[in-house]
Amino acid sequence: MINKSIPTEPSTPQELRTIHDFTDEFLVVCPRCGHKAVVKPSTDGLPPRLTCLNCGSVRQWTSAQKGVLFSKQSGTWPEGQYALGDAADPYFHLPLWLQTSCCGHTLWAFNQRHLQYLRDFVAAKDRHTPPRETKDPLNSLLTSRLPKWMQLARNRDAVLHAIVVLETKHNNGNSQASTAAGR
Ligand SMILES: [Zn+2]
């Protein structure tokens, strides 16, 4: 936990968050049917798992490497390694459902709460970047780890638009994929 006392307005979105506040659920593209699937971490004695309500796919994850890998290139993440830093879930390394191009980059979110947090942060007019905790990447504040391009005022409208696109995709759920597949 972060023990530092950092002044923030109680009603502003600059709550102290780490990326780990959003790692309770990952919306991903199902590797079998291409619809929205859910990856959950280990809970109630069950291993981390993938579940797709559309095609019934279920997968269990087995750890092969200890620790957490931070890397922006999910293509290089070793199998069985819990990894963060790219538009893929940390367990199976499947592409995130909530991702879209924006300002020459990829905007992504693990889940709806994560997306909402990004929206609140980007929409805030009077935001500030809290001090960065450098000792342990696990304790780093999410806002301090947001890429620079997301924090630039000139990109705000484009980023907010991309977030709306993802919110729409989330709200439509599988129906969007069904529509795309329909003829
Ligand atoms: Zn599926």
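That block above? That's the structure.
Values in this document were obtained by computation on a predicted structure and should not be read as measured data. (Residues numbered from 1 in each chain as written. Predicted model: local features only at pLDDT ≥ 70, side-chain atom pairs only at ≥ 80, totals over all residues.)

Undergrad: Would you explain the sheet that holds strand β1 (residues 26–29) in this entry?
TA: Sheet strands associate in pairs through backbone hydrogen bonding, adopting either a parallel or an antiparallel arrangement. Pairing is antiparallel across the open sheet formed by four strands, whose spatial order is β1-β2-β3-β4. The two strands at the open ends of the sheet, each matched to only one other strand, are β1 and β4 (58–60). Along the sheet, successive strands turn relative to each other by an average axial angle of 25 degrees, direction set aside. Here β1 runs beside strand β2 (residues 36–40); their pairing, made up of four bridges, is antiparallel. Looking at β2, one finds that Leu27 is bridged to Val38. (Pairing = 2+ DSSP bridges. Helix = DSSP H or I, 4+ residues; strand = E, 2+ residues; numbered from the N terminus. Axes fitted to C-alpha atoms, helices over the stretch in contact; angles between N-to-C directions.)

Undergrad: What am I meant to see in the nonpolar core here?
TA: Generally speaking, soluble globular proteins have nonpolar side chains that are buried together. Counting residues in each nonpolar core, the largest one holds 34 residues, and the members touching the most others are Val28, Leu96, Leu98, Ala109, Val159 and Ile163. Secondary structure elements with two or more residues in this core: β1, β2, β6 (83–84), β7 (98–102), β8 (105–109), α1 (112–123) and α4 (156–172). Apart from the residues within four sequence positions on either side, Leu96 is in contact with Phe26, Leu27, Val28, Ala87, Ala88, Asp89, Trp108 and Phe110. (Core = buried A, V, L, I, M, F, W, Y, C linked by C-beta atoms within 7 Å. Buried ≥ 20, exposed ≤ 12 C-beta atoms within 10 Å, placed from the backbone. Contact = placed C-beta atoms within 7 Å.)

Undergrad: Mind showing me how you'd approach unusual backbone geometry here?
TA: Most peptide bonds are trans, and most residues other than glycine sit at a negative phi. Even without being a glycine, His93 presents a positive backbone phi close to 65 degrees. Secondary-structure assignment places His93 in the loop between β6 and β7.

Undergrad: Got a minute to help me understand α1 in this structure?
TA: One turn of the α-helix equals 3.6 residues, which is why residues spaced by three or four share an orientation. Between its first and last C-alpha, α1 extends 16 Å over 12 residues, near the 16 Å set by a 1.5 Å rise per residue. Residues of α1 that are buried: His114, Leu115, Leu118, Phe121 and Val122. Seen along its axis, α1 keeps its buried residues to an arc of 130 degrees; they face one direction. (Expected span 1.5 Å × (residues − 1). Arc of directions from axis to C-beta.)

These results come straight from atomic positions and should not be treated as a statement about function.
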